[in-house]
Amino acid sequence: MSSFTEVPILDLALARNPDTKPAFLEDLKHALLQIGFLYIKNTAIDEKLIEDVVRLCKAFFDLPEEEKLRLEMKNSPHFLGYSRLGNEITKYAVDYREQIDLATELPAPSADEPRYRKLRGPNQWPNEELIPGFRKTIEEYIARMTDLSTEFTSLVRLLYGNEVTYWLTVTQIAEAIGLPTNAFERFFEGIGESESGTKRQDKLKLVKYPDLEELGVEGESAQGVGPHKGMELSLDGSPADSMLSSYLLQVPPHKSLQVQNAEGTWISCPPIDGTFVVAMGQGLEAITGGVVASTTHRVLSPATDEGPRFSIPFFQGVSYDAKFESMDVPEDVRKLKREVVRNDVEMTFKKEMFEKLGEATLTNRVKSHTDVGEKYYPDILDSIKALQLQEQQSSPILAVPSTDGADDKPKGRKRAPTIVIDKIEAPPSYGEDPGPDGSLLRKEAYEKRKMDAKPDEVRYHSDTE
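Residue indices follow the written sequence of each chain, beginning from 1 at its first position. pLDDT decides what is reported in this predicted model: residues at 70 or higher carry local features, side-chain atom pairs at 80 or more are listed and counted, and totals for whole chains, interfaces and linings draw on all residues regardless. By convention in this description, side-chain values take in all heavy atoms of the structure and omit both hydrogens and water.

(A) Representation of the environment of threonine 104 within the structure. Position of threonine 104 relative to the elements: it lies in the loop between strand 6 (98–103) and helix 4 (134–150). Distance in space between the C-alpha atoms of threonine 104 and glutamine 201 is 5.0 Å, their sequence separation being 97 residues. Put simply, DSSP marks the helices as runs of H or I at least four residues long and the strands as runs of E at least two long, and each gets a number from the N terminus on.

(B) Fine view of unusual backbone geometry. Cis geometry marks the peptide bond from proline 252 to proline 253; its omega dihedral reads 10°. Within the secondary structure, proline 253 is located in the loop between strand 11 (245–250) and strand 12 (257–260). With phi around 60°, asparagine 42 is a residue other than glycine that occupies positive phi space. Structurally, the position occupied by asparagine 42 is in the loop between strand 2 (37–41) and helix 2 (47–61). By relative accessible area, asparagine 42 is classed as partly exposed at 37%. The backbone of alanine 44 sits at a positive phi, close to 70°, despite the residue not being glycine. With respect to the helices and strands, alanine 44 occurs in the loop between strand 2 and helix 2. Alanine 44 gets classed as partly exposed once you look at its relative accessible area, which sits at 40%. Each residue gets one of three labels from its accessible area relative to the maximum for its type: buried under 20%, exposed over 50%, partly exposed in between, using a 1.4 Å probe on protein chains only.

(C) Spotlight on the pairing of strand 2. Judged by how many residues are buried, strand 2 sits mostly within the fold: four of five residues are covered. A clockwise path from the first strand over the helix to the second, with the strands pointing away from the viewer, defines a right-handed crossover. Following the chain from strand 1 (residues 9–11) across helix 1 (residues 21–35) to the adjacent parallel strand 2, one finds a crossover that is right-handed. Of the strand pairs in this sheet, strand 2 and strand 14 (residues 275–280) are connected by five bridges, and their pairing is antiparallel. Of the residues in strand 14, the one forming a bridge with isoleucine 40 is phenylalanine 276. At least two DSSP bridges between two strands are needed for those strands to be called paired.

(D) A look at the environment of lysine 356. Relative to the assigned elements, lysine 356 resides in the loop between helix 8 (331–335) and helix 9 (357–368). Lysine 356 sits 240 residues away from tyrosine 116 along the chain, and the two C-alpha atoms are 9.0 Å apart.

(E) Helix 11 (residues 378–393), seen in detail. Relative to the 22 Å expected for 16 residues at 1.5 Å per residue, helix 11 spans 23 Å between its end C-alpha atoms, a close match to the ideal helical length. Within helix 11, the full set of buried residues consists of Ile380, Leu381, Ile384 and Leu387. Along helix 11, the residues classed as buried sweep out an arc of 120° about the axis, all on the same side. Along helix 11, the residues that are exposed and aim more than 90 degrees away from the buried face are Asp382 and Gln393. Any helix carries an expected span of 1.5 Å times its number of residues minus one. The arc in question is traced by the directions running from the helix axis to the C-beta atoms.

All quantities given are derived from atomic positions and should not be read as evidence of function.
Next up, the structure:
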């Protein structure tokens, strides 16, 4: 994978014209395979709606503390609600931000349904008298962003009133990497028989990053949100928030979002008027066999005297009942993506560990919100703590120390360097496969053994040589 130095901007107007669409798809393919991040402009999202969402986002964090605490996420088994400053964890470190998690309004599932379906459910809304128009505006914005994300794989034509608007769609993602335009439909299919219905639940976060003076932190930066990949599709939010793609509305003027390239260098992704930042999710990387990139990114807290930074990421929802299935990506596309960047950020979507997307997502949410885990999912939290303890006690395997001393290079647990095996009779053993019914701890340990034992290169020689 080449090391990019800037995040590309794609103009959706080019996707409307048959003459310019092929060039647009080539640019999209480059962004998908090489970067995993891009800006999109000319989305036709109403500017007044965006202004209202930004205004209400700022107003929410000015609400009385008791009103925000009434909405705390720990009161919701659906992981919806308010998180106070420093209440979320990424890569074992505290994130310095406060936020509220919202979603498509849905009823809760019944008690006898699979537990991962509890990820779906009703929101916790602030008092209408304290922040008039909040619910109506947020619900409209979620609906419009749902339209945009639903179509992020081919071009569709939508009619709002008398205005014809065009959207970049999921079908275009499929087209760009040589898949049928309906390749991703199975991940959006209804959840099946459920008290919460069959409608897809998309997520939205309103986020505030205080500056360092408000935090009382000395130095040039702090972790607003630590390095992570997009999952439940995660962009500028928790590392468990987006399956396929996420869409970030950045509020100027802060330039805090950074994307990591293949060399480990952090590339700035500043706010640009009239755009959304789109990130490919870790789930999309998993189901395409690593062809589509899910890029590590982070957010730095604003410097002293810069004032708070506000951010509004939207996460495309999927059916939690969907199963992990690899896409049959054409070989010529795979040749363009033989090497996937690996760094110290944990891979969440291990297809061998989880049968359903909901199982992986629930585990990640518990990891990020331990207070919700303690109250509603204590067994999952115990398994996660056991895994973390095991990682802390294990020593790195053939770690190669850095010689340049740069602080911004990826650090942490590393794989063995390149190993060349002249001849092998059989693949190496990784111990007993725990199978789909094995515990989370055993599955994770098995996957780590496989990762550490697998050589980067295997050179075969015939018996006659």
